[in-house]
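Topology and contacts: notes
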Amino acid sequence: MPNPHIPVITIDGPTASGKGTVAQRVAQHLGFHYLDSGALYRLTALSVIRRDTPLDDEHALAKAAEHLHCHFNGAHIFLANEDVSNAIRAEEVGNLASKIAAIPTVRQALFGLQLSFRQHPGLVADGRDMGTVIFPHAGLKVFLTASVEARAERRYKQLIDKGFSANMEDLSKDLAERDARDSNRSSAPLKAAEGAYLLDTSAMTADQAVEQVLRWYAATKPI
Ligand code: DC
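Residues numbered from 1 in each chain as written. Predicted model: local features only at pLDDT ≥ 70, side-chain atom pairs only at ≥ 80, totals over all residues. Heavy atoms only, no water.

The number of helices and strands found in the chain is ten helices and eight strands. Scaling as 2.2 N^0.38, a compact globule of 223 residues should have a C-alpha radius of gyration of about 17 Å, and the chain matches this with 17 Å. With the C-alpha coordinates aligned to their principal axes, the bounding extent of the chain is approximately 55 × 40 × 35 Å. A separation of at least 24 residues holds for 77% of the contacts in the chain among residues at least 6 apart in sequence. Here the chain displays about 11,200 Å² of accessible surface, and carbon together with sulfur accounts for 53% of that area. Side chains of the chain give 24 positive and 26 negative charges; the mean places of these two sets differ by 5 Å. (Helix = DSSP H or I, 4+ residues; strand = E, 2+ residues; numbered from the N terminus. Rg over C-alpha atoms; globule rule 2.2 N^0.38 Å. Contact = heavy atoms within 4.5 Å. Areas by Shrake-Rupley, 256 points an atom, 1.4 Å probe, with all protein chains shown as cover. Lys, Arg positive; Asp, Glu negative; His and termini not counted. Charge placed at Lys NZ, Arg CZ, Asp CG, Glu CD.)

Burial analysis of strand β1 (residues 8-12) places five of its five residues in the buried class, the great majority of the element. Here β1 shows no split at all, with Val8, Thr10 and Asp12 on one side and Ile9 and Ile11 on the other all buried. Here β1 runs beside strand β6 (residues 123-127); their pairing, made up of five bridges, is parallel. Each residue of the ladder has a partner; that of Thr10, found in β6, is Ala125. (Buried < 20%, exposed > 50% of the residue type's maximum accessible area, 1.4 Å probe, protein only. Pairing = 2+ DSSP bridges.)

Around the ligand there are 17 residues in total, and Arg42, Arg107, Arg128, Asp129 and Arg185 lie nearest to it. Ser37 places a polar side-chain atom, nitrogen or oxygen, 3.0 Å from a nitrogen atom of the ligand. Within the contact set of the ligand, an oxygen atom lies 2.8 Å away from a side-chain nitrogen or oxygen of Arg107. Here the ligand has 440 Å² of accessible area as a free molecule, and 97% of this is covered by the chains. Taken together, the elements giving at least two residues each to the shell around the ligand come down to α2 (37-51), α4 (91-100) and α9 (168-184). Among the elements that line the shell around the ligand, the one with the most residues is α2, at four residues. Across the shell around the ligand, the residue classes tally to four nonpolar, five polar and eight charged. (Near = heavy atom within 4 Å. Polar contact = N/O pair within 3.5 Å; in protein donor to acceptor, adjacent residues only side chain to side chain. Nonpolar A, V, L, I, M, F, W, Y, C, P; charged D, E, K, R; others polar.)

Across the sheet, five strands lie side by side as β2-β6-β1-β7-β8; this open sheet has parallel pairing. Edge positions in the open sheet fall to β2 (33-36) and β8 (197-200), since each of these has one partner strand only. Strand-to-strand, the axes of this sheet are offset by a mean angle of 20°, without reference to chain direction. With respect to the sheet, helix α1 (residues 19-30) is in contact with β1, β2, β6 and β7 (140-145), its orientation differing from that of β6 by roughly 180°. The strands touched by α2 are β2 and β6; relative to β2, the strand with the most contacts, the crossing angle is about 45°. (Axes fitted to C-alpha atoms, helices over the stretch in contact; angles between N-to-C directions.)

Let's shift gears to the packing of aromatic side chains. Enumeration according to the criterion identifies three aromatic pairs in this entry. Ring geometry for Phe72 against Phe117: centres 5.6 Å apart, planes inclined by 85°, an arrangement best described as edge-to-face. With Phe72 in strand β3 (residues 70-73) and Phe117 in the loop between α6 (111-115) and β6, the pair connects residues that are 45 residues apart, well separated along the chain. Owing to a relative accessible area of 29%, Phe72 belongs among the partly exposed residues under this scheme. What makes Phe117 buried here is its relative accessible area of 16%. (Phe/Tyr/Trp six-rings, centres within 6.5 Å; stacked < 30°, edge-to-face > 60°.)

We now examine the pattern of salt bridges. Applying the stated criterion across every chain, the model contains ten salt bridges. Between Asp36 and Arg89 there is a salt bridge, and its shortest N-O distance comes to 2.9 Å. Highlighted residues: Asp36 in strand β2 and Arg89 in the loop between β5 (82-83) and α4, separated in sequence by 53 residues. For Asp36, a relative accessible area of 12% puts it in the buried group. Judged by its relative accessible area of 21%, Arg89 is partly exposed. Connected through shared salt-bridge partners, Glu91, Arg155 and Arg178 make up one network. (Salt bridge = Lys/Arg side-chain N within 4 Å of Asp/Glu carboxyl O.)

Following this line, the structure appears as structure tokens:
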């Protein structure tokens, strides 16, 4: 049973806002564990694609999430025993992840797994609903945003670095569609949690964003 007294920092925000990079660096700096909750939805999507699960069968989709055989080892993410760290970053997988993430039973199936990441000495969790639904009592909640242009550029670089082909126009369209879907769904929509600090990183380096989060965290701790 995860200990509710273990500190948690939540970093939520839209796709390609840079929250993953910031969250990982904050975790590294504090020696905390890191939860990339989007990876769990992406892993579910990849598993669904690989098994040809019918996309209109909500029960089968929830089962895929519930029986996700995944593990994390540093920056490497495994599905069964295959390293899928790059495969889950494909746009096709991200788009399907966003679609199946709108299904409440899929979200429910991933609930306990997310809580289990709360381990000593602490956790930094990034996603869409970390501060609103999964860890609503987190000591520090951050909502990280960036302009669509800045995000499209970041996603473009990410994809090219991973060896995927990418096109800025298609990416901007994809991002806007994904934002709308993630923000307008009825189950755990993307929104700033109550009490979250807002951080617009459009004109910031990752280091500056990390420093700001660490300053906020230092200010939340009892002296
Ligand atoms: O953060 P990401 O782009 O890797 O996430 C992929 C999709 O998963 C995203 O479009 C919506 C969904 N997601 C979610 O619904 N809730 C989360 N906590 C994290 C991701």
